[in-house]
Amino acid sequence: MSGLIGAAGGGGGCWGMIWSCIHPTPRRHLPKISPIPPHPFLFHRTVPPRPLFQSVPRTVSRPPLVVASTPPLLQDAAATTALFSSAYFLVLAFDKLTESRIIRQSLSRKLVHILSGLLFAASWPFFSDSVHARYFAALVPLANFFRLLIHGLSLAADDTLVTSLTREGNPKELLRGPLYYVVVLLVSTTVFWRESPVGVVSVAMMCGGDGIADIIGRRYGFQKLPYNPHKSWLGSISMFICGSLISAGMLYCFTSLGCFSLDWSSALQRVLLVSLVATIVESLPITETLDDNLSVPLASMVTALMIFG
Ligand SMILES: Nc1ccn([C@@H]2O[C@H](COP(=O)(O)OP(=O)(O)OP(=O)(O)O)[C@@H](O)[C@H]2O)c(=O)n1
Ligand SMILES: C/C(=C\CO)CCC[C@H](C)CCC[C@H](C)CCCC(C)C
C-alpha cells in the first residue's frame, strides 16, 4: 500500500517534481483502494490480490500539469495546436537531415517512429482533466491518418512525408506501417488515455521497443534468429530491454503525476512480461501478413489488459 501511496502521491521522478511544485497532494487525500477481485483466469489466489493499478478518481487526482485557472477548452486547444506543429516540424526536420545526407533514410524513418509516438504519449498529462481532453489529443493522429491516406493514394504530393517516412520513397508505403502506427496511437488515446497503463505501455513497446530493435538489429544483428532469418538475437534483446525501460519510465512519470497508481512491488514484473510477449511476437516471421506496427501494440495491449486489468 505504501508503494501505491508513494507513486500516486507524486513521490518523485520528473513529473513528480513538477507535480509536487504545483499540487502537493497530502497523502491523506489519496483514495482508499479496495482490493480488486481475483483475476478471472490469472493469478488465482484465495486472498484478494493487491490492486495492480487504480485510476485515481478525479475527486482526488488533480489534473496533471493544469495551469491555474485555465479553462479546460483553452488548455486542450493549446496542447492540440502544439502537438500539430510539433508533429509537422519533427517530420520536416528529419526530411532535411535525410536530404542533406546527415542521416540515412532508414535511420530517419526509425527515429521518427520512435520519437513521434513517445512524445505524443508524453504530452497527454498536458491536457486538461475534461472528459473531452482525450478527443482533442486524438485529433492529431486522426489528422495524420488522413494525411497519410491522401499522400499514400497519391491524391496529393508531399515529398517531405515520403522522404522521411518511407523505405524506398514509394508513397504507397505510407499506407502500411505509418498508417497502422497512427491508428494505434488513435486507439491508445481514445480507449486507454492516461487513466490506464495499457495505452502507455503499448505505445512504448511499439515506438521505443520496436524502433530500437530495428536500429540495433539492422546495424549489429549478425546472429539471426533460428526461426526468422530477417530478425536477430541482438535486435530482439534490445527490444526487450529498451522496451521494458521505456515502459517503466513512462509509467513512473504517469504515476508520479497522479494519472493512475500502480502497485510497484509487482508492476515491474508485469512490465517485463508485456515486453517479453511483445518481443516474441515481433520476432515471429509474420511481418508480411501482420505488420509489426499492429502485432507489437496488439500483443502489448492484450497482455497488459490481462495482467494490469
Ligand atoms: N528483432 C529484430 C528486429 C529488427 N531487426 C533488424 O531491423 C530490420 C527492420 O526490422 P523490422 O522490424 O522488420 O522493421 P520494419 O518496421 O519492417 O521496417 P520498416 O520500419 O523499414 O518498415 C530487420 O530487417 C533487421 O535487420 C533485427 O535484426 N531484429
Ligand atoms: C515512420 C513511422 C511509422 C512506421 O513505422 C512514424 C509515422 C509518424 C506519423 C506520420 C506522425 C505521427 C504524429 C503523432 C500523431 C504526433 C506526434 C507529436 C509529437 C509531439 C512530435
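Residues numbered from 1 in each chain as written. Chains lettered and ligands numbered in written order. Predicted model: local features only at pLDDT ≥ 70, side-chain atom pairs only at ≥ 80, totals over all residues. Heavy atoms only, no water.

Describing the site of ligand 1
Near ligand 1 lie 15 residues; those nearest to it are Arg-109, Lys-110, Arg-167, Ser-232 and Asp-292. At 2.6 Å, a side-chain N or O of Arg-167 approaches an oxygen atom of ligand 1. About the coverage of ligand 1: the protein hides 88% of its 580 Å² of free accessible area. Residue assignment for the shell around ligand 1 shows that the elements contributing at least two residues are helix H4 (105-122), helix H8 (197-220), strand S3 (228-232) and helix H9 (233-256). Broken down by element, the residue count for the shell around ligand 1 peaks at five residues, all from H8. Within the shell around ligand 1, the residues separate by chemical class into one nonpolar, five polar and nine charged. (Near = heavy atom within 4 Å. Polar contact = N/O pair within 3.5 Å; in protein donor to acceptor, adjacent residues only side chain to side chain. Areas by Shrake-Rupley, 256 points an atom, 1.4 Å probe, with all protein chains shown as cover. Helix = DSSP H or I, 4+ residues; strand = E, 2+ residues; numbered from the N terminus. Nonpolar A, V, L, I, M, F, W, Y, C, P; charged D, E, K, R; others polar.)

What about the packing of helix H5 (residues 133-152) against helix H7 (residues 177-192)?
One can describe the packing of H5 onto H7 by two numbers: an axis separation of 9 Å at closest approach and a directional angle of 165 degrees. Here H5 lies roughly antiparallel to H7, going by the angle between them. You can see that H5 and H7 cross each other, and the crossing is left-handed. Residues Arg-134, Tyr-135, Ala-137, Ala-138, Pro-141, Leu-142, Asn-144, Phe-145, Leu-148 and Leu-149 of H5 form the contact with H7, whose own contacting residues are Pro-178, Leu-179, Val-182, Val-183, Leu-185, Leu-186, Thr-189, Thr-190 and Val-191. (Axes fitted to C-alpha atoms, helices over the stretch in contact; angles between N-to-C directions. Parallel < 35°, antiparallel > 145°, perpendicular 65-115°, else oblique. Left-handed = near helix turned anticlockwise from the far one by under 90°. Contact = heavy atoms within 4.5 Å.)

Concerning the nonpolar core
Within the largest apolar cluster, 57 residues are counted, with the highest numbers of intra-cluster contacts made by Phe-127, Leu-251 and Phe-308. Looking at which element gives the most residues to this core, the answer is H8, with nine residues. (Core = buried A, V, L, I, M, F, W, Y, C linked by side-chain atoms within 4.5 Å. Buried < 20%, exposed > 50% of the residue type's maximum accessible area, 1.4 Å probe, protein only.)

Observations regarding unusual backbone geometry
A positive phi angle, near 60 degrees, is found at Ser-154, a position not held by glycine. Tracing the backbone through its elements, the reader meets Ser-154 in the loop between H5 and helix H6 (159-165). Backbone geometry at Trp-193 places phi at a positive 50 degrees, although glycine is not the residue there. As for its position among the elements, Trp-193 is in the loop between H7 and H8. Classification of Trp-193 by relative accessible area gives buried; the value is 2%.

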